[in-house]
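Coordinates in review
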2 protein chains.
Amino acid sequence: MNANDTRQFRSVCESAGLAVTHQRQVVYEVLRSTHGHPSPEEVYARVRRKIPSISLATVYKTIHSFIEGGIFHEVSLHHGSLRVETNQTPHHHLVCTHCRSIHDIDESELGLTTQGGKLPGGFLVERYAIDVLGRCPACQQAEGQAT
Amino acid sequence: MNANDTRQFRSVCESAGLAVTHQRQVVYEVLRSTHGHPSPEEVYARVRRKIPSISLATVYKTIHSFIEGGIFHEVSLHHGSLRVETNQTPHHHLVCTHCRSIHDIDESELGLTTQGGKLPGGFLVERYAIDVLGRCPACQQAEGQAT
DNA sequence: CTCAATGCAAAGATTTTGCATGACT
DNA sequence: AGTCATGCAAAATCTTTGCATTGAG
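Residues numbered from 1 in each chain as written. Chains lettered and ligands numbered in written order. Predicted model: local features only at pLDDT ≥ 70, side-chain atom pairs only at ≥ 80, totals over all residues. Heavy atoms only, no water.

Residue and element names in this part refer to chain B. If you check helix H1 (residues 3–16), its first and last C-alpha atoms are 20 Å apart, about what 14 residues at 1.5 Å a residue would give, namely 20 Å. Among all positions of H1, only Phe9, Val12 and Cys13 are buried. Axial view of H1: buried residues confined to an arc of 95°, hence all on one face. The exposed residues of H1 that point more than 90 degrees off its buried face are Ala3, Arg7, Glu14 and Ser15. Residues of H1 that are buried sit in contact with helix H2 (22–33) and helix H4 (56–68). The first or second residue beyond H1 is glycine 17, which carries a positive phi of 70°. (Helix = DSSP H or I, 4+ residues; strand = E, 2+ residues; numbered from the N terminus. Expected span 1.5 Å × (residues − 1). Buried < 20%, exposed > 50% of the residue type's maximum accessible area, 1.4 Å probe, protein only. Arc of directions from axis to C-beta. Contact = heavy atoms within 4.5 Å.)

Spelled out as structure tokens, the structure:
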């Protein structure tokens, strides 16, 4: 956490309209230096090594501030509760980054629009999130050994 | 819920190795006749109109049985807890449908493989889940009116 | 000095589990 | 008959909130 880091962090906070605090800077540095897709608990554990007195609530609040400010993204916008897919035909999802509503869209309707374009229904595209679902090598091996 | 429905449901259960129960059939019919992406609570509310004595736990267990049996899908495989995306470069996700691990894959590495094919790392592709993220018309309008 | 951020503890929401009872095969 | 499913209540997670205190601008 040198002077450069601090300078960069100040400008990050400024662009997001956030006050610069020690807690936020440490959470930021931890996220920047962590690989993968950490949960708030994991972030909390790492941050506590630098600030033992930080509270989990602050970590949550800070992560949310960063996400609202566009500094980090969430892996999934619908992590709150289980949702069942009732539409059995192949389709994709229009997910509003603000209200998190989900609307189905047929494969054919989604002409892989130009980034930032509007889809027929008036949905303003910000970005795509593509999940490739399947079996990881470890699970394939485990299943091969299963009786 | 006529004889045809029951016959179809019996074969659905058979293919998934599930016992045929009245509760399961009603949950099944509710899911088939519901649009959108219902939560377990919503399913519970609808099922209770047919079986007032059903418990929420049974609805959860039934939904999980259906998902495990491949009868229905979940909208998102990572709905359990918030996860932060630390990889700032454009990428997609390899999500194991079994262990739910998430690995990043560069846009370039993902040659939009043939359905069912294997990716270089050995990941066995089952299907794609594409979320188009952006602003729904309602939120665009609300934001236009905001001060 | 003023407003926002933090820490703590308690509450809320969602989901799972243990166990006794009852239903399917 | 034996196993699996159900219902209930309690427990386990994960996340948010209210409020007093502290810190940033």
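Right, let's get into the interface of chain B and chain A. Contact with chain B, which involves 62 residues of that partner, is made by 62 residues of chain A. Here chain B and chain A share an interface that buries about 6,100 Å² over both sides, 59% of which is from carbon and sulfur atoms. Broken down residue by residue, the surface that chain B buries against chain A is led by B:Leu82, B:Val132 and B:Leu133, which jointly contribute 14%. In this assembly, chain B and chain A are joined by two salt bridges. Among the salt bridges present, the one from B:Glu126 reaches A:Arg135, with a minimum N-O distance of 3.2 Å. (Buried area = accessible area lost by both parts, 1.4 Å probe. Salt bridge = Lys/Arg side-chain N within 4 Å of Asp/Glu carboxyl O.)

This paragraph deals with the protein's contact with DNA strand D. Around DNA strand D sit 22 residues, and of these A:Tyr60, A:His64, B:Thr21, B:Arg24 and B:Leu82 come closest. The sugar-phosphate backbone supplies 79% of the atoms of DNA strand D found within 4 Å of the protein. One of the backbone nitrogen or oxygen atoms of A:Val20 is found 3.3 Å away from a phosphate oxygen of DNA strand D. Measuring from a phosphate oxygen of DNA strand D, one finds a side-chain N or O atom of B:Arg24 at 2.8 Å. At the level of secondary structure, the elements contributing two or more residues to the surface near DNA strand D comprise helix H4 (56–68) of chain A together with H2 and H4 of chain B. Per-element tally for the surface near DNA strand D: the top contributor is H4(A), with five residues. (Near = heavy atom within 4 Å. Polar contact = N/O pair within 3.5 Å; in protein donor to acceptor, adjacent residues only side chain to side chain.)

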